[in-house]
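Notes for the structure review
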Amino acid sequence: MQFRDLGRQYEHLKTKIDQAVQEVLTQGHYISGPQVKRLEEQLAQFVGVKHCISCGNGTDALSLVLRAWKIGQGDAVFVPDFTFFASAEAIRDRGAIPIFVDVQKDTFNMNPDDLQRCVEAVISAGTLTPKAIISVDLFGLPADYVAIEAIAKTHDLLLLEDGAQGFGGMQKGRHACGFGDAGITSFFPAKPLGCYGDGGAIFTNDDALATLIRSYAVHGKGSDKYDNVRIGVNSRLDTMQAAILEVKLEAFISEELALVQKAAQYYHDHLADVVTVPKTPEGSASSFAQYSILLPDEGIRSKVMTALQDEGIPSMIYYQKRMSDQTAFADIQDVQVSACPVAKAHCQTVLALPIHPYITKEEQDLVIDVIRKTV
Ligand SMILES: *Cc1c(COP(=O)(O)O)cnc(C)c1O
């Protein structure tokens, strides 16, 4: 069994993907071909925002937004302690300080009460300027945007939605990647909408921000690539990936999202009485980038992992280490204001199970059977 069976997806979409790739080879517009613009329009429409700017990967997408917001030295950016490294790396990369906020036990997302406490603590300490919040839609579930947008507004903070895992999720009728002042996603192959390499995108309704990011992403271009008005980077989604994504986006919208949600519901129905299953709050929908359960303790988690492995079933620990325990952030420990106990506990007890749109009921039954027998 595979953790996320991309081969099975390719088999399913092979005719269309092969044709799309062949077209790129025939047309020869490898960079900034017409597929890129078309895809950006389709993505913006799906998310429900004015602008989509594609780029090289999700990490660049985060950095480009922070760069355009002129976030740097002396600034504080609030980010969950339990996330993939890139969410916080992008902040430090700009010279700013990530302030790690604890997460909620059952949704795995940023805890708005702890966020509020952290913002107030940074303001009263007075050494850093609070500038922005990076909320993360972990494992596919949108963060609590009603609460987080309110905190951002009260304290005049910019809000960046890290929807690298969240594409396809919804909250109160709004699509993931469309919350806050800007949102980003990643097209890394294993994400909900993945390409066959690296890719990413930024979403915003802010015209000026969109123009600025388009410039930063192509060497700080002015009227064209050879008129350079600022120092930027080279971060683009190439035409081949855009062509693949056009095919995959159509499948994602028409069937894959519903299929993965159905698979998650099946796990829920057969596991909720024996382990802690992920909670989807009323009014929210997850795109289930991961299906992560919580075991009672680290020992039981190891037993479950071994038992699954014995049956040829892969499982993964997302994440082994919280941000505040990463060596790369050892130098900024003294300015952290939250102890983040929930994030710490998660690292010991969380386990992600195989899930993807093409997983079969038989495969899921096997996973369920092993877990039920072991715990
Ligand atoms: C994957 C991921 C990223 C980075 O995306 P890349 O395309 O791999 O650079 C950022 N944030 C989160 C939460 C992610 O899961």
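What counts as what
- Counting restarts for each chain, with residues numbered from 1 along the sequence as it is written.
- Reporting of local features is limited, given that this is a predicted model, to residues whose pLDDT is at least 70; pairs of side-chain atoms are given and counted only at 80 or more, and all residues count toward the totals for whole chains, interfaces and linings.
- To get the side-chain values, take all heavy atoms of the structure and skip hydrogens and water.
- Candidates for patches are residues over 30% relative accessible area with no salt bridge; among them, like charges are joined within 9 Å and nonpolar side chains (Val, Leu, Ile, Met, Phe, Trp, Tyr) within 5 Å.
- Per-residue and other accessible areas follow the Shrake-Rupley method at a 1.4 Å probe size, with only the shown protein chains counted as cover for residues.
- Salt bridges, as used here, are contacts in which a Lys or Arg side-chain nitrogen is within 4 Å of a carboxyl oxygen on Asp or Glu.
- Throughout this description, buried means an accessible area under 20% of the type-specific maximum (1.4 Å probe, protein chains only), exposed means over 50%, and partly exposed covers the range between.
- For helices the rule is a DSSP run of H or I covering at least 4 residues; for strands it is a run of E covering at least 2, with both sets numbered from the N terminus onward.
- Under the rule applied, a polar contact is a pair of N or O atoms within 3.5 Å (in protein, one hydrogen donor and one hydrogen acceptor; residues adjacent in sequence only if both atoms are side-chain atoms).
- Two residues form a contact once any of their heavy atoms are found within 4.5 Å.

A cluster of nonpolar side chains, Leu25, Tyr30 and Ile31, forms an exposed patch at the surface whose accessible area comes to about 290 Å². Classification of Ile31 as partly exposed rests on a relative accessible area of 47%.

We now examine the pattern of salt bridges. Two side chains carrying opposite charge are able to pair once their charged atoms lie near each other. Considering all chains together, one arrives at 20 salt bridges under this definition. With a closest N to O distance of 2.8 Å, Asp207 and Lys50 form a salt bridge. One end of the pair, Asp207, is in helix α7 (residues 207–217); the other, Lys50, is in the loop between α2 (34–47) and β1 (51–55), with 157 residues separating them in the sequence. For Lys50, a relative accessible area of 53% corresponds to the exposed category. Asp114 serves as the salt-bridge partner of Arg117, at 3.1 Å between the closest nitrogen and oxygen. Linking Arg117 with Asp114, this pair stays in helix α5 (residues 112–125), spanning three residues, or about one helical turn. Given a relative accessible area of 6%, Asp114 falls into the buried group. Overlapping salt bridges bring together Asp81, Arg322, Asp325 and Lys344 as one network.

This part covers the side chain of Asp137. Along the chain, Asp137 turns up in the loop between β4 (129–136) and α6 (145–154). Only 3.1 Å separates the side chain of Asp137 from the backbone nitrogen of Ala143, close enough to count as a polar contact. Those residues in contact with Asp137, other than ones at most four positions away along the chain, are Asn109, Pro142, Ala143, Tyr145, Glu161, Asp162, Gly163, Gln165, Gly166 and Ala176.

Purely spatial values, then, with no claim about function.
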